[in-house]
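Listed below are the residues making up each chain.
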Amino acid sequence: MTQPETSTPYDHANQAAARLAELTGIERHDVALVLGSGWLPAVDALGEATAEIATTDLPGFSGAAVAGHSGKIRSVKAGDKQLLVFLSRTHYYEGKGVAAVVHGVRTAAAAGCRAIVLTNGCGGLKPTWTPGTPVLISDHINLTGRSPIEGARFVDLTDLYSSRLRAMCREVDPTLDEGVYVQFPGPHYETPAEVRMAGILGGHLVGMSTTLEAIAAREAGMEVLGISLVTNLAAGISDQPLNHEEVLEAGRAAASRMGDLLGRIVPRI
Ligand code: 8IG
């Protein structure tokens, strides 16, 4: 269906949310979760899925492009909260544009979600973060050079990654570390020199997602929690080459800890 020229990405998100409500039978969702590389095996710890739909059943979504990312959305009942769980995301490097990257976030906001948990798999700059270590995102550096917002909408990003939610997470698990997430455009991994640059700029984690989604979530008024799973040491921090299969394996190995973590955090959001 072609959209009239006046329809905006926010209209598309409203349409997707309306269809979501029809397909799930759930009028409003409370908390959204986006699962990144390595997080999929943790999903079952969140609770019973009351519905699972394909992203392609909703207007504005296209299929998943990466092995280990499945193009599904689950509606999950977790205590008194109705969760909207995205089992995959659209990445900036797919070239579908920034509006496509944040369509899920805007759909979640239109579906009623007041908070969103953005997870990802990433490279770590601290050698003590062995593969499988979860790290709270304290702030970000967006090296895509893009914004999901168009026009004169000056959104405040102070405390983008909610200090309230981070403090709650550290109550649940006091061993959780924090770091600044640096989004590179990808899809190639960084050179060792780029990883050193990220460190000089104040970064601790390098990845290919999350920052544009966090900005769109804040624009939509949602509270944002970001959690990275360090699945590999960033290029040049270790002398090992990077490999997507190892990323998935680190996720599988960390699955029960991530499931336990999400299962304890989400009900308290
Ligand atoms: I998983 O080391 C994963 N995703 N940019 N760098 C970037 N993205 C990643 C990395 C990494 N590991």
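Everything here concerns the structure above.
Residues numbered from 1 in each chain as written. Predicted model: local features only at pLDDT ≥ 70, side-chain atom pairs only at ≥ 80, totals over all residues. Heavy atoms only, no water.

Overview of the side chain of Thr119
Its location among the elements puts Thr119 in strand S5 (residues 115–124). Taking the relative accessible area as the measure of exposure, Thr119 reaches 0% and is therefore buried. When residues no more than four places from it in sequence are discounted, the contact partners of Thr119 are Val34, Leu35, Gly36, Trp39, Arg89, Thr210 and Ile227. (Helix = DSSP H or I, 4+ residues; strand = E, 2+ residues; numbered from the N terminus. Buried < 20%, exposed > 50% of the residue type's maximum accessible area, 1.4 Å probe, protein only. Contact = heavy atoms within 4.5 Å.)

A word on the site of the ligand
Taken together, the residues surrounding the ligand are Gly121, Cys122, Gly123, Tyr189, Glu190, Val206, Gly207, Met208, Thr231, Asn232, Leu242 and Val247. Gly121 is positioned with one of its backbone polar atoms (N or O) 3.5 Å from a nitrogen atom of the ligand. Asn232 places a side-chain nitrogen or oxygen 2.7 Å from a nitrogen atom of the ligand. The cavity that encloses the ligand is the largest pocket. Looking at the shell around the ligand, the elements with two or more residues in it are S5, strand S8 (205–207) and strand S9 (223–233). A per-element tally of the shell around the ligand places S5 first, with three residues. (Near = heavy atom within 4 Å. Polar contact = N/O pair within 3.5 Å; in protein donor to acceptor, adjacent residues only side chain to side chain. 1 Å grid on protein atoms, 1.4 Å probe; cavity = no way out; pocket = protein on both sides within 12 Å on 5 of 7 lines; lining within 4 Å. Sits in = over half its atoms within 2 Å of the grid points.)

Examining the layout of surface pockets
Its boundaries defined by the atoms lining it, the largest pocket holds a volume of some 330 Å³. Looking at the lining of the largest pocket, the elements with two or more residues in it are S5, S8, S9 and helix H7 (244–265). Element by element, the count of residues in the lining of the largest pocket is highest for S5, at four residues. Among the residues forming the lining of the largest pocket, the class breakdown is nine nonpolar, twelve polar and two charged. (Points joined across faces, edges and corners; volume = space filled by probe spheres on them. Nonpolar A, V, L, I, M, F, W, Y, C, P; charged D, E, K, R; others polar.)

Focus on the pattern of salt bridges
All told, the structure shown has 14 salt bridges when counted by the stated rule. The partner of Asp173 in a salt bridge is Arg257, and the shortest N-O contact between them spans 3.0 Å. Here Asp173, found in the loop between helix H4 (163–172) and strand S7 (177–183), pairs with Arg257, found in helix H7; they are 84 residues apart in sequence, far enough to count as distant. Residue Arg257 is classed as partly exposed on the basis of its relative accessible area of 35%. (Salt bridge = Lys/Arg side-chain N within 4 Å of Asp/Glu carboxyl O.)

A few points about the environment of Arg89
Position of Arg89 relative to the elements: it lies in the loop between strand S4 (81–86) and helix H2 (98–101). A relative accessible area of 7% places Arg89 in the buried class. As a C-alpha pair, Arg89 and Ser37 span 52 residues in sequence and 9.7 Å in three-dimensional space. Within polar-contact distance, the side chain of Arg89 engages the backbone oxygen of Thr119 at 2.9 Å. Within polar-contact distance, the side chain of Arg89 engages the side chain of Glu213 at 3.0 Å.

Quick notes on H4
Taken residue by residue, H4 has Leu165, Arg166, Met168, Cys169 and Val172 as its buried positions. Across the axial projection of H4, the buried residues extend over an arc of 160°, all falling on one side. Contacts from the buried residues of H4 go to strand S6 (133–142), S7, S9 and H7. The opening residue of H4 is Ser162, an N-cap whose side-chain oxygen sits 3.3 Å from the backbone nitrogen of Arg164. (Arc of directions from axis to C-beta.)

Digging into the environment of Glu150
Counting through the fold element by element, Glu150 comes out in the loop between S6 and H4. Separated by 19 residues in the primary sequence, Glu150 and Pro131 have C-alpha atoms spaced 37 Å apart.

Thoughts on the nonpolar core
Core analysis: the largest hydrophobic core is formed by 36 residues, its most contacted members being Leu84, Ile116, Leu205 and Val224. In terms of residue count, helix H6 (residues 211–219) provides more of this core than any other element does, four residues in total. The contacts of Val224, once residues within four sequence positions are left out, are Ile116, Leu118, Leu160, Tyr161, Ser162, Leu165, Ala214, Ala217 and Arg218. (Core = buried A, V, L, I, M, F, W, Y, C linked by side-chain atoms within 4.5 Å.)

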